[in-house]
Amino acid sequence: MVHHHDHHHSPETHTRAFQIGIGLNIGFVLIEAAIGWTTQSLALLADAGHNLSDVLGLSLAWGASYLAQRPPSRTYTYGLRRSTILAALFNSMLLLPAVGGITWEALRRLQNPTPVPGMTLIWVAGVGVVINTLTALLFFSGGKQDLNIRGAFLHMAADALVSVGVVLAGVAILLTGWLWLDPAISLVIVVVIVVSTWSLLRDALGLILDRVPKHIEPLAVRTFLQELPEVAQVHDLHIWAMSTTETALTAHLVMPKGGPGDSFLAHVCEELHHRFAIDHATLQVETGDAQYPCRLESNHQV
């Protein structure tokens, strides 16, 4: 068996972005919750609860990014890279209890609306728009390559949209006096939360279950390996995420003329990196001797 591993990078921690984002949002949560409680505004309290869950989510994502950089150990031979996937999964699930509570209270208040000051809603939510937008921008670029960072970005972007909704609710209450708009906008917040986190939950679950990462087409990888010089067959091909930024591959290459040497393996792994962003490849070379068949040759055998 021949192994070749290619490590080109380690996950970024985005430390500064997390520090700024968490600090800004903790301050805003305290202010928004205090004003929401004083004015009895469910929209503000709902938004504060949403922001609090995002503080927890940002903390999880930051901790996972740090753990992903820990070196492998005797018992954790891949290190703690997969903690970033767990953080993305927990991040997407954090809001579920809050969503249920907000929905229940909003439906109750639709029947018995509570007076709320529209101008207060506008000013407080306006500050939220600025803070959440700035925080989301801190994670915008990293979210394209890292599901963990994408979770942080989606939460903050959703918060910015929710705060815009609260501003609009405040304006509408001032103009119309319709108190039911406060719980109604809370239900809109719930919808935004569910929609914005659904794709994150789906992708995180996929990576937990070792699904091929979305940016990789497994048939294209198989075709590339099969078309390599002297390769007669490819089997036992597996592609999975080691973390939210790193992808691993294992495959058996049947080469009747025998092992091609380290230069061939280095070239294949370099191509896997450039073509498919696969940085950790393990390749087993076999000659296809009928007396010693590979028990993993069947596509249904793992």
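The coordinates are above.
Nothing here was measured: the structure is a model prediction, and the numbers come from that model.

Rules used in this analysis
Residues numbered from 1 in each chain as written. Predicted model: local features only at pLDDT ≥ 70, side-chain atom pairs only at ≥ 80, totals over all residues. Heavy atoms only, no water. Salt bridge = Lys/Arg side-chain N within 4 Å of Asp/Glu carboxyl O. Helix = DSSP H or I, 4+ residues; strand = E, 2+ residues; numbered from the N terminus. Buried < 20%, exposed > 50% of the residue type's maximum accessible area, 1.4 Å probe, protein only. Phe/Tyr/Trp six-rings, centres within 6.5 Å; stacked < 30°, edge-to-face > 60°.

Describing the pattern of salt bridges
Phase 1 of the analysis: Counted according to the given criterion, the structure contains 6 salt bridges.
Phase 2 of the analysis: Across the pair D210 and R82 runs a salt bridge whose closest N-O atoms are separated by 2.9 Å. With D210 in the loop between helix 7 (181-208) and helix 8 (218-226) and R82 in the loop between helix 2 (42-67) and helix 3 (83-93), the pair connects residues that are 128 residues apart, well separated along the chain.
Phase 3 of the analysis: Look at D210 and you get partly exposed, because its relative accessible area is 39%.
Phase 4 of the analysis: A salt bridge links D203 to R202, with the nearest nitrogen and oxygen atoms 3.7 Å apart.

Focus on the packing of aromatic side chains
Phase 1 of the analysis: Enumeration over the complete set of coordinates arrives at 4 aromatic pairs.
Phase 2 of the analysis: Where F18 meets F139, the ring centres are 4.9 Å apart and the plane angle is 50°; that geometry is what we call tilted. With F18 in helix 1 (residues 15-39) and F139 in the loop between helix 5 (118-138) and helix 6 (147-176), the pair connects residues that are 121 residues apart, well separated along the chain.
Phase 3 of the analysis: Judged by its relative accessible area of 0%, F18 is buried.
Phase 4 of the analysis: What links up through ring pairs into an aromatic cluster is the set F18, W62 and F139.

Some words on the environment of R275
Phase 1 of the analysis: With respect to the secondary-structure elements, R275 resides in helix 9 (residues 262-276).
Phase 2 of the analysis: The exposure class assigned to R275 is exposed, which follows from its relative accessible area of 53%.
Phase 3 of the analysis: Spatially, the C-alpha atom of R275 lies 9.3 Å from that of I216, the residues being 59 residues apart in sequence.

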